[in-house]
Amino acid sequence: MRLPLIPPADLTPEQRALYNDMCEGITRNFKGFIAVREDGALVGPWNPWLHEPAFGKPSWELVKALADNPSLSKPVREVAILVTGAHFNSAYELYAHVCVGELRGLSDEKLATIVAGQRPGDLTRQEAIAYDFASALVKGGTLPELTWRTAVEAFGQHGAAELSYLVGLYCLVSVTLNTYDVPVPEMKG
């Protein structure tokens, strides 16, 4: 890891305000994986964002915009997030969202196949649309028209936009995690 974790006692006033907001959001929206160390230090993407609040605060605002009142179902969101994390081979991202995916009802086989960079054969129609949409975006280039229309038909204009911003956000998260070589947290006993 390229950045030390910041114990809460060592935060600057600017970092403290961001830290408090992130802790509240983590408690509300990010369950099932380690995001806060026992001493209160944040792990995952939250630590790099604390180190650079000028970038971390706007990144966190986008996270909140997409997490606080999503229109897409939880499994659909996780499929898109995992496709993105797998594309970037982002260790912490995959760790966290495999845990979340399990909580949201995705089977181990489905999760393992997505993490391996492959499309599971047993996706629901909506999950398959999210998989294809995210996969096309992370490969680069313009999203195919048919993929866009299929997403709009399934999720509405707003839902398709949400899916696009979700993939974009998790590209940012994955690149941040990879830049700072953020590891999977050590599990106790």
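First things first, this report covers the structure right here in the doc. Computed from a predicted structure; not experimentally measured.

Next up on the list: the packing of helix α1 (residues 13-29) against helix α3 (residues 53-67). For the pair α1 and α3, the least separation of the axes is 11 Å and the interaxial angle reads 25°. In terms of orientation, α1 lies roughly parallel with respect to α3. Where α1 crosses over α3, the handedness of that crossing is left-handed. Residues Glu14, Gln15, Leu18, Asp21, Met22, Gly25, Ile26 and Asn29 of α1 pack against Pro53, Gly56, Lys57, Trp60, Glu61, Lys64 and Ala67 of α3. Residues of the contact of α1 with α3, tallied by class, amount to six nonpolar, four polar and five charged.

Here we take up the packing of aromatic side chains. Scanning the entire structure with this criterion turns up seven aromatic pairs. Relative to Trp46, the ring of Phe30 lies with its centre 5.6 Å away and its plane at 70°, an arrangement referred to as edge-to-face. Linking Phe30 in the loop between α1 and α2 (46-51) with Trp46 in helix α2, this pair joins segments that are 16 residues apart in sequence. Just as Phe30 is buried, Trp46 falls in that class too.

Inspection of every chain in the model, using the stated rule, returns 12 salt bridges. Two residues, Arg28 and Asp68, come together in a salt bridge whose shortest N-O distance is 3.2 Å. Taken together, the residues Arg28 in helix α1 and Asp68 in the loop between α3 and α4 (74-88) connect sequence positions 40 residues apart. You can call Asp68 partly exposed: its relative accessible area is 41%. The salt bridge involving Lys110 is made with Glu127; its shortest N-O contact spans 2.8 Å. Pair noted here: Lys110 is in helix α6 (residues 108-115) and Glu127 is in helix α7 (residues 125-139), with a separation of 17 residues, a long-range link. Neither residue differs from the other here; Lys110 and Glu127 are each classed as buried. Connected through salt bridges with shared partners, the residues Asp21, Lys57, Glu61 and Lys64 form a single ionic network.

Moving on, we come to the environment of Thr113. When you line up the elements, Thr113 lands in helix α6. Along the backbone, Thr113 and Val83 are 30 residues apart, and their C-alpha atoms lie at a distance of 10.0 Å. With residues near it in sequence (within four places) discarded, Thr113 still touches Gln118, Arg119 and Pro120.

About the cut-offs
Residues numbered from 1 in each chain as written. Predicted model: local features only at pLDDT ≥ 70, side-chain atom pairs only at ≥ 80, totals over all residues. Heavy atoms only, no water. Axes fitted to C-alpha atoms, helices over the stretch in contact; angles between N-to-C directions. Helix = DSSP H or I, 4+ residues; strand = E, 2+ residues; numbered from the N terminus. Parallel < 35°, antiparallel > 145°, perpendicular 65-115°, else oblique. Left-handed = near helix turned anticlockwise from the far one by under 90°. Contact = heavy atoms within 4.5 Å. Nonpolar A, V, L, I, M, F, W, Y, C, P; charged D, E, K, R; others polar. Phe/Tyr/Trp six-rings, centres within 6.5 Å; stacked < 30°, edge-to-face > 60°. Buried < 20%, exposed > 50% of the residue type's maximum accessible area, 1.4 Å probe, protein only. Salt bridge = Lys/Arg side-chain N within 4 Å of Asp/Glu carboxyl O.

Interpretation note: all reported values are geometric properties and have no functional meaning in isolation.
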